[in-house]
Amino acid sequence: MSDKNRVVIFDTTLRDGEQSPGATMSHAEKLEIAQLLDEMGVDIIEAGFPIASEGDFAAVSEIARRAQNSVICGLARAQLPDIDRCWEAVKHAKQPRIHTFIGTSPLHRAIPNLDMDQMAERIEQTVTHARNLCDNVQWSPMDATRTEHDYLCRVVEIAIKCGATTINIPDTVGYTAPRESAALIRMLLERVPGADNIIFATHCHNDLGMATANSLAAVEAGARQIECTINGLGERAGNTALEEVVMAMKVRHDIMPFTTGIDTTKIMNLSRRVSQVSGFVVQPNKAIVGKNAFLHESGIHQDGVLKNVETFEIMRPADIGLNENNIAMGKHSGRAALRAKLADLGFEVGDNQLKDIFVRFKALADRKKEVYDEDIVALMQDSAANTDSDHLQVKHLRVVCGSDGQSAALTMVVDGEEQTAETTGDGPVDACFNAVQQIFPHSAVLQLYQVHAVTEGTDAQATVTVRMEEDGRIVTGQAADTDTILASVKAYVGALNRLIVRRAQAGTDDKQITMYSH
Ligand code: KIV
Ligand code: ZN
């Protein structure tokens, strides 16, 4: 296979994905996700927007220092201080990249009130500045798919002349369709002088559900970089999902003969980790990584798959790192078996962490006859999300429910001190949340409360996700337990713990800047 068919995978989970309201990740979580992306073979990691906050700057710098294989990229508006700040963060990488952008469509030009010539000058000045700092510069005309073609050609040509090595064509509002996405890349390749010497990237949003199709169409037309996120995480309907484009090119290599450097067996683990740290649950019927993506419930399908897997399966679960031997563990399983199972599921744990997880595993096995892979993943996610060092901890909960009314008696540890509340509510969950409110008064508004059964059966664990908002800060909490009400309280308290951290970082870590270059 010649290099001309190699597609560069640019992951922006930590920038465009994290930008989606409520998906904020902690510093440690960003480092972990970056390491997993690096190990999976992602060519370029867009690690953040360094000028947006101290937190973003610190994360991009640290990821840059640690990355082994991937190029580390930071985002910058078309302003010299943004570009300088971006360079300060990415320069520590073995392979740094500056990505600078400006909105070029009529609607986006109107906001900074720049006419076409003024904007062209700004592009010349900023791309030249970026290129003087770094050999590897990416430039994006934001809202490219709604930019006049003549103007798009003009500004792309300027960016190339000023030294941009990758030109990204964003479909910022998810407006384009496959035929148009391909035609746009073809048009640029034909009309722009110097287009042969750079890489065109495609960056699609999924507002009309066409992000994957649009990205692949752009590649067929000559784009050689796809910008995407794990699980399609991103603002509104999200970005192109990495797992979808990568698996589409792998499974349909016959009609899309493109290659990537992705080790697809690492997809499932990354999907789970991103879901957990972002608090965005993957819909069960999501392509590739959804819980039902490889399930065959109907008798006809099961029969077919048993006789020949290819009757209803176009790819194997193992291709994305999904363990086909989901053999249940139970209360007699030992520590070595648990360690092996964890390794199988992609979790490398040290001795101390194993000790802690083993205690939790035994407690779960006492309540649940058979502990499946999904249970162990939920257990790991719960133990990562809710730790002994949290400000607020759930100590004891008693709930009364039924036709005679609902009440909760809750004991929590607040910064080392035990506090108790007894409350009522409209249902047991409401009674519990009222008790938390009484112990830890706050003005955060509940935006989302979601319960998912981890496995089948009435003894299944429930994973609860809670999203809350206070003064524009959005936080999520997640917890798992066979007791749905207890999981709900733990998730709610987990979200409050994140809020406490965010409050403490206020002023330094709140992203309040806009995407416009004034
Ligand atoms: O969607 C978009 O236009 C972006 C740019 C900043 C590249 O994310
Ligand atoms: Zn975007």
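For the structure, check the block above.
Thresholds, definitions, all that
Residues numbered from 1 in each chain as written. Chains lettered and ligands numbered in written order. Predicted model: local features only at pLDDT ≥ 70, side-chain atom pairs only at ≥ 80, totals over all residues. Heavy atoms only, no water. Phe/Tyr/Trp six-rings, centres within 6.5 Å; stacked < 30°, edge-to-face > 60°. Helix = DSSP H or I, 4+ residues; strand = E, 2+ residues; numbered from the N terminus. Buried < 20%, exposed > 50% of the residue type's maximum accessible area, 1.4 Å probe, protein only. Lys NZ or Arg CZ within 6 Å of the ring centre and 35° of its normal. Donors = N, O, S within 2.8 Å, 3.2 Å for Na, K, Ca; no water. Axes fitted to C-alpha atoms, helices over the stretch in contact; angles between N-to-C directions. Parallel < 35°, antiparallel > 145°, perpendicular 65-115°, else oblique. Left-handed = near helix turned anticlockwise from the far one by under 90°. Contact = heavy atoms within 4.5 Å. Nonpolar A, V, L, I, M, F, W, Y, C, P; charged D, E, K, R; others polar. Pairing = 2+ DSSP bridges.

Some remarks on the packing of aromatic side chains
Overall, the coordinates contain four aromatic pairs when judged by the stated rule. Ring plane angle 65° and centroid distance 6.5 Å describe the contact between Phe 49 and Phe 101, whose orientation is recorded as edge-to-face. With Phe 49 in the loop between strand 2 (44-48) and helix 3 (54-66) and Phe 101 in strand 4 (residues 96-103), this residue pair connects regions lying 52 residues apart in the sequence. Accessibility classification places Phe 49 together with Phe 101 in one group, the buried group. A centroid spacing of 4.0 Å and a plane angle of 10° characterise the contact between Phe 433 and Tyr 492, whose relative ring orientation is stacked. Pair noted here: Phe 433 is in helix 16 (residues 428-439) and Tyr 492 is in helix 17 (residues 484-504), with a separation of 59 residues, a long-range link. The rings of Phe 433, Tyr 449 and Tyr 492 are connected pair by pair, giving a single aromatic cluster. Taking NZ or CZ as reference, Arg 85 lies 3.7 Å from the ring centre of Phe 57, over its face. We note Arg 109 situated over the ring of Tyr 151; from NZ or CZ to the ring centre the distance is 4.9 Å.

Brief notes about the coordination of the zinc ion (ligand 2)
The protein atoms donating to the zinc ion (ligand 2) are Asp 16 (OD), His 203 (NE2) and His 205 (NE2), with metal-donor distances spanning 2.0 to 2.1 Å. Sequence positions of the residues that donate to the zinc ion (ligand 2) give the spacing D-x186-H-x1-H. With Asp 16 in helix 1 (residues 13-17) and His 205 in the loop between strand 7 (199-204) and helix 9 (211-221), this residue pair connects regions lying 189 residues apart in the sequence. Across the pair, exposure class does not vary: Asp 16 and His 205 are buried alike.

Describing the packing of helix 4 (residues 80-90) against helix 6 (residues 116-133)
For any two helices packed against each other, one specifies the inter-axial angle together with the distance between the axes. For the pair helix 4 and helix 6, the least separation of the axes is 10 Å and the interaxial angle reads 20°. With respect to helix 6, the axis of helix 4 lies roughly parallel. In this structure, helix 4 meets helix 6 at a crossing whose hand is right-handed. Counting all contacts with helix 4, which are made through Leu 80, Ile 83, Asp 84 and Trp 87, the residues of helix 6 involved are Gln 125, Thr 126, His 129, Ala 130 and Leu 133. Of the residues belonging to the contact of helix 4 with helix 6, the class tally is five nonpolar, three polar and one charged.

Brief notes about the sheet that holds strand 9 (residues 392-400)
By way of backbone hydrogen bonds, the strands of a sheet pair with one another, either parallel or antiparallel. If you walk across this open sheet you meet the three strands as 9-10-11, and the pairing is antiparallel. Looking along the sheet, the strands with just one partner apiece sit at the ends: strand 9 and strand 11 (417-424). Across the sheet, the mean angle from the axis of one strand to that of its neighbour is 15°, orientation sign disregarded. In the packing of helix 16 onto the sheet, the strands contacted are strand 9, strand 10 (407-414) and strand 11, and the crossing angle to strand 11 comes to about 140°. With respect to the sheet, helix 17 is in contact with strand 9 and strand 10, its orientation differing from that of strand 9 by roughly 150°.

Shape is all these values report; function is a separate question.
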